[in-house]
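One letter stands for each residue in the lines below.
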Amino acid sequence: MAIPDHPLHSAGSISSEPVPSPLGISFGEFLKHPLKVGSAFPASDRMVRRMLAPIKWGAVGLCIEYGPGTGVFTRAILSRLPRSATLLAVDTSREFTRHLQRHIDDPRLRAVTGTAADIEQIAARLGLGQADAILSGLPFSTLPQETAAAIVASSAQLLRPGGHFLAYQMRAAVHPHLTRHFARVDKGFEWWNIPPCHLYWATGPRRSR
Ligand SMILES: C[S@@+](CC[C@H](N)C(=O)[O-])C[C@H]1O[C@@H](n2cnc3c(N)ncnc32)[C@H](O)[C@@H]1O
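Treat the numbers as computed from the prediction; the structure is a model and nothing was measured.

**Some thoughts on the packing of aromatic side chains**
All chains considered together, the criterion is met by 4 aromatic pairs. Both rings, one in phenylalanine 73 and one in tyrosine 168, keep their centres 4.6 Å apart while their planes meet at 20 degrees; by these two values the pair is stacked. With phenylalanine 73 in helix H4 (residues 72-80) and tyrosine 168 in strand E5 (residues 159-169), this pair connects stretches of sequence that are 95 residues apart. For phenylalanine 73, a relative accessible area of 1% translates into the label buried. Here tyrosine 168 falls in the buried class, since its relative accessible area comes to 12%. Look at phenylalanine 189 and tryptophan 191: their rings are 4.9 Å apart centre to centre, the planes differ by 70 degrees, and that puts the pair in the edge-to-face class. Put simply, the rings of Tyr66, Phe165 and Phe182 touch in pairs and so form one group of aromatic residues.

Below, the structure written as structure tokens:
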């Protein structure tokens with residue numbers, strides 16, 4: 001799958017154009033691409049805390065986030081990461097990555113417009129090595145099956161042994177892919193979110209290549 005033609009963007013660039021609110025951007029993107037965006041509402045604080053709680057963030061050197069949207073998880077991860085760490089956030093929507101670039105002024109963040117299906121190429125282009133944790137907000141139920149399978153397989157390939165894959169989504173579509181590519185998968189469900197979400201924590205990546 002080709003990387004979209006716009007270049008890899010890094011956080012920190014500022015523009016003088018008027019900027020819509022995060023909720024405005026979320027609604028706008030949801031109306032344009034309902035299946036890709038999945039929900040117009042950002043994740044709740046409670047879901048963010050619960051999702052991130054099992055990870056020892058102080059030991060993370062590289063974290064990757066798929067589908068950061070307006071950056072609710074992005075900010076929470078940055079607040080937990082060591083100063084020397086990197087957070088690579090990949091979203092297909094340029095509106096979302098531009099929003100992150102404008103509003104999160106943190107040298108640890110690399111916000112990239114692209115698809116998670118290309119994560120191995122994107123990480124290689126940025127000179128990034130193995131990841132300690134990957135967080136996915138992708139709506140796996142609306143992705144083509146082969147794309148969903150390729151994203152989880154590439155993630156397992158990119159994670160270091162003992163690395164973690166975290167996912168939240170409305171439906172349980174990611175679960176069979178996780179059990180195929182990870183030795184252990186823990187599950188939860190969070191009602192306090194719009195929409196309520198399945199939560200998954202997978203570890204023990206199985207490499208297929
Ligand atoms: C449910 S939203 C996540 C919202 C955000 N994490 C939050 O809590 O506010 C799903 C996100 O995945 C993005 N997305 C969908 N398909 C993608 C793909 N193949 N690669 C990267 N991002 C994708 C959408 O643009 C959207 O930002």
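Back to the write-up after that little detour.
**Considering the UniProt feature "domain: Methyltransferase" (unreviewed entry) in the chain**
The UniProt entry lists residues 65-163 under the feature "domain: Methyltransferase" (unreviewed entry), expressed in the numbering used here. Summarising residues 65-163: 40% helix, 24% strand, and an end-to-end C-alpha distance of 14 Å.

About the cut-offs
Residues numbered from 1 in each chain as written. Predicted model: local features only at pLDDT ≥ 70, side-chain atom pairs only at ≥ 80, totals over all residues. Heavy atoms only, no water. Phe/Tyr/Trp six-rings, centres within 6.5 Å; stacked < 30°, edge-to-face > 60°. Helix = DSSP H or I, 4+ residues; strand = E, 2+ residues; numbered from the N terminus. Buried < 20%, exposed > 50% of the residue type's maximum accessible area, 1.4 Å probe, protein only. UniProt positions renumbered as here; feature names shortened; annotations may be inferred.

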